[in-house]
Each structure stands twice: as C-alpha cells, then as structure tokens.
2 protein chains.
Amino acid sequence: MYSKAEENYLKAIFKIYEKTGKHVHTNAIALHLDNSAASVTDMVQKLSEKNLVNYTKYKGVLLTNEGKKVVTGLIRRHRLWEYFLVNKLGFGWDNVHELAEELEHIHSEELISKLDEYLGMPKYDPHGDPIPNGEGKYSMRTQLLLSDLVAGQMGTLVGVGDNSSSFLKHLDHLKIGIGTQIKLISKVDFDDTFLVEVQGKEHNLSAKIASNVRVKMFDR
Amino acid sequence: MYSKAEENYLKAIFKIYEKTGKHVHTNAIALHLDNSAASVTDMVQKLSEKNLVNYTKYKGVLLTNEGKKVVTGLIRRHRLWEYFLVNKLGFGWDNVHELAEELEHIHSEELISKLDEYLGMPKYDPHGDPIPNGEGKYSMRTQLLLSDLVAGQMGTLVGVGDNSSSFLKHLDHLKIGIGTQIKLISKVDFDDTFLVEVQGKEHNLSAKIASNVRVKMFDR
DNA sequence: AATATTATTGAAATTAACCTAAATTATTGA
DNA sequence: TCAATAATTTAGGTTAATTTCAATAATATT
C-alpha cells in the first residue's frame, strides 16, 4: 500500500486539478500542503516512478488512472467516515474533517465495505458531496450555485463548496443546512449581496457565501 | 502526543510486565516486537527521557504512572473499537485485532467518548476483556480458568486468554463463545485433557485450550 | 530582445525509527 | 572463582520524509 504522505500528495494533486483542469505545478502543491517546493519535487518524482502521476519537468503532473483510483478510494473512505461521525456519533458537520482525514488512511477493504453497509450505503456525505461506491463510481447531482439562481427561484441546499469550520458554523448559526429550502428574493447589485428567504425569515447573504452554497432546483 | 512507535513499545512493556511482574528486559521487548535489541535500547532510553518508563541499564524498564496512563488509554481505545467492529459492523471476534491495532492510534478524546456513548458504555470487549472508562478504571471480574474447575462444576465463559485468530476460530468451530455455559465432566489425567459438556454435547479439550478459557462460576 | 520574476532543481542537513557489528556487562556452572 | 556464554549497550549506518539554500530554467514584462 501507499504511505500517508504519498496519499496526501495524490489528494492534493487531485484537488488542485479539479479547480484548474491543467497540469498541476509543484509550487501549487507546495502551497496546498504547506511544504517546500523542493520536497514536492522529490515526492512527485517518486510518485512518477510508481506510475501514480505523469510528470514533466517544469510543467507539472497529471494523475494516471492508477493515481485516480487511489484518490477515489481515499475520498470514499473520508466521506463514509464523515457520514458515520455525523449521523451515528453525533458530531457537528463543521467538526469532522480532521478526524476523517486520519481515518481515511486505514486501508482495510473489509472495514470500509462493512461500514458502508452499516450506514445504509449513503450516496452523499454530510456536506452534500457524493460518496464513491466500491467501484469508484459516484453520482453527480445537477446542481447550481445559489449565486446563479434568478430572483424568485427556490432550491434545496444539497452541498457546500467550502468545508471550513468557520463557514459551516456560520451556516449553522443562520439555521441553514443540507436539505434547507432557500428562496432567492433578489440580488442586490449595489453591494453584491443576495437577499434570501429561509424558513420564513429573510437574510442578506454575501456573494462569498452565495457562491459556496449549492442548491438543487425543485422538480416540477 | 506520543508516536505510534512509542505507543507500541509502551504496550509491549505493559503486556510483558503483566505476565512476569518484574523488570522488563530489552530482549523480551525485542522478541515481542520483532525488532533488534539495539533498537529497543534506543527507544527505551527515549521513553525514559520522557518519563514514561524507569530504566536501569542492563536491568530493564518499569512503566511510570504516566506510562501506565498512556497504556490504559490505548487499551480503552483498542477494546472500544473491537466492540464496535464486532457488535455494529458484524466482524467476527477472531478478526478484529489488527484493525483495532490501527484504530487505537487515533487520539481524539471526543471521538472516543462519543463512540463509548454510542456503544452504550460497554464494560467488556468481544473477548471478555474489561474496557477502561474515561478515567482509566476498569472492573475485574472474579474468574477462573476452565482448567482450574473441579469435575462437575459449571461456568459461563467470560473471556479468553489468547486472542489469536486460530484459537478463536477453533472455539467458533466448537460453538463456544462468550456467554457459553460449560460443564467440566472430568479431567483425563492420562493425556491431560478435559472432558466438557457444551450445549448438550461432549467435547474433549486439550490442556492448552482449557487454560486459555476463563469462566465465571454460577452464583447460587 | 533584455530583463525581471517565478518555478524548479540539486546538494547538504535533519529527525525518527530502524539496522548490524563490535564492545561491554551480567550470569552461571564447572 | 573465573571463564564461557548470554544479554545488553554503543557506535556507526540506512531510509523516508522532510528542511534550507543556492543555482538554474522558464515565463512574463517592458
């Protein structure tokens, strides 16, 4: 199996690639992992040796299929543990990331498939992110950003774009969570904020918040 | 916090001390952990620096109170995870040791107290071993070895002295587990075996098995 | 195209956890 | 009691994952 360090590099590469869709530069990885660029070069060469990434000097890396498989496994474990921590042990959704980060490095296939079954094979984690199945497949929901709605439209919150504790705590405070129904009353151009209605109450949300809330439109 | 390696050394020292009750020699630890004696000396000196053991050159080590506290925490985590794996996820009792060995190194106090609560604060793990509470206290049951019973006496199996997979699988095969009632019919001096009755069936158990089965006598 | 900026690399050093081989100390049994 | 044997420690290395720092390559700016 791969070491914790290797796995964390692969995850970082995956995450950065998700945003940019281009070759992932060593510097970007160094920034993300708070490591020196020199360490990253070392590790990236090692990962390339093991055929987990394709590496071109000065250009950056891309995950190979093998590398993607490793990352999908990590994400599956991470999100299943988050689901367990929140829905069985009663942790808050703002509080489980670090623990899942440790638990995901336990590799037993049997453990994960039994945990999956015990949890009822959930499709989404507590932040609305999809949980890959045993084969690495996961469903993407058609979803929009709250900031992309048109005034008057209504949606159900299905995910958040940022899992930072401070953001999630803020949502908790507003009594907004997964499943909450949100109606966009209007966009306020003047200060680029969003007037919404949640459970009968009006709130004024910043653009930063609105662009980190993912909603699903009602089927009609 | 302490590293995995340090914790494993402390656990080994604890286990060996449990059996012998004397200073724990370098070689005994090396044997237990399958390390070289020289590595053990290194680590033991480090643990001594950190006041987790008292170390006398050429004589061996004893755990300090601090060291004992660390070990009790490890045992608590290990046994709670075993309980979870067996009673929630459906693992067999012969199959959980290695996984618990990994899970026990996750240090979150919140995780363990929430897990404990979720499990209903169990007092014994799936092998009948006591689970220390948050303060490190645990109850010892008055228990006997099956091999110490007198012919005709009956007891309930409450624990096993060996958690090896092969031993536990053998017990499974005989349909003997925690809670099983066992009656000693007679000791067979000739070949040092034990004739017992379990659920209406007679079995002839070796001395090795009988001395690794712990029973509690019926209260009358 | 020349220069400035940013990214990448190589070399040398560090730390934790190991190892082997050699030296030292303890034990024991003739 | 003292020499042989066993156990332990020391000394000196190895490996994985880091770091820092200086040199070099690629890219961007004027």
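Residues numbered from 1 in each chain as written. Chains lettered and ligands numbered in written order. Predicted model: local features only at pLDDT ≥ 70, side-chain atom pairs only at ≥ 80, totals over all residues. Heavy atoms only, no water.

Visitor: How do you make sense of the interface of chain B and chain A when you look at a structure like this?
Guide: Contact with chain B, which involves 17 residues of that partner, is made by 17 residues of chain A. For the chain B and chain A pair, buried surface summed over both sides reaches about 1,600 Å², with 74% attributable to carbon and sulfur atoms. Linking chain B with chain A are one residue pair in polar contact (both at pLDDT 80 or more). Of all elements in the fold, only α4 (65-87), α5 (97-103) and α6 (109-118) of chain B reach the threshold of two or more residues within the side of chain B that touches chain A. A total of five residues in the side of chain B that touches chain A trace back to one element, the largest contributor, which is α6 of chain B. The residue makeup of the side of chain B that touches chain A, split by class, is 10 nonpolar, three polar and four charged. (Contact = heavy atoms within 4.5 Å. Buried area = accessible area lost by both parts, 1.4 Å probe. Polar contact = N/O pair within 3.5 Å; in protein donor to acceptor, adjacent residues only side chain to side chain. Helix = DSSP H or I, 4+ residues; strand = E, 2+ residues; numbered from the N terminus. Nonpolar A, V, L, I, M, F, W, Y, C, P; charged D, E, K, R; others polar.)

Visitor: Please explain the relation of the copies chain B and chain A as it appears in this structure.
Guide: A rotation about an axis combined with a shift along that same axis relates the two copies of the chain. Once turned by 180° and shifted 0.0 Å along the axis, chain B lies on chain A with an RMSD of 0.1 Å. Taken together, the rotation and translation relating the two chain copies correspond to the operation of a two-fold axis. Considering only C-alpha atoms, the part of chain B nearest the rotation axis is Leu103 of chain B, at 3.9 Å. Looking at the interface residues of chain B, 100% of them are also at the interface in chain A, so both copies use one shared face. (Least-squares fit on C-alpha atoms with pLDDT ≥ 70 in both.)

Visitor: So what exactly am I meant to see when it comes to the protein's contact with DNA strand C here?
Guide: Near DNA strand C, the surroundings consist of 20 residues, among which Thr26 and Tyr55 of chain A together with Ser3, Ser39 and Lys46 of chain B are the closest. Near the protein, within 4 Å, the atoms of DNA strand C are sugar or phosphate in 74% of cases. Asn27 of chain A places a polar main-chain atom, nitrogen or oxygen, 2.9 Å from a phosphate oxygen of DNA strand C. In the environment of DNA strand C, a phosphate oxygen lies 2.6 Å from a nitrogen or oxygen atom belonging to the side chain of Ser3 of chain B. Put simply, the parts of the chain that give the surface near DNA strand C at least two residues each are α2 (26-33) and α3 (37-49) of chain A together with α1 (4-20) and α3 (37-49) of chain B. (Near = heavy atom within 4 Å.)

Visitor: When you look at the pairing of strand β7 (residues 201-206) of chain B in this model, what are you seeing that I'm missing?
Guide: Two faces belong to every sheet, and in a regular strand the side chains alternate between them. All names here are of chain B. Here strand β6 (residues 193-198) pairs with β7 via six bridges, running antiparallel. Considered in β7, the bridge of Glu197 is made with Glu202. Here β6 folds back onto β7 in antiparallel fashion, the turn holding two residues, of which Gln199 has a positive phi close to 45°. (Pairing = 2+ DSSP bridges.)

Visitor: Would you mind going over the packing of α1 of chain B against α3 of chain B with me for this structure?
Guide: Residues and elements named next belong to chain B. Closest axis-to-axis distance for the α1/α3 pair is 11 Å, and the angle between their directions is 95°. Put simply, α1 runs roughly perpendicular to α3. Of the residues in α3, those touching α1 at Ala5, Glu6, Tyr9, Leu10 and Ile13 are Ser39, Val40, Met43, Lys46 and Leu47. Its residues assigned to classes, the contact of α1 with α3 comprises seven nonpolar, one polar and two charged. (Axes fitted to C-alpha atoms, helices over the stretch in contact; angles between N-to-C directions. Parallel < 35°, antiparallel > 145°, perpendicular 65-115°, else oblique.)

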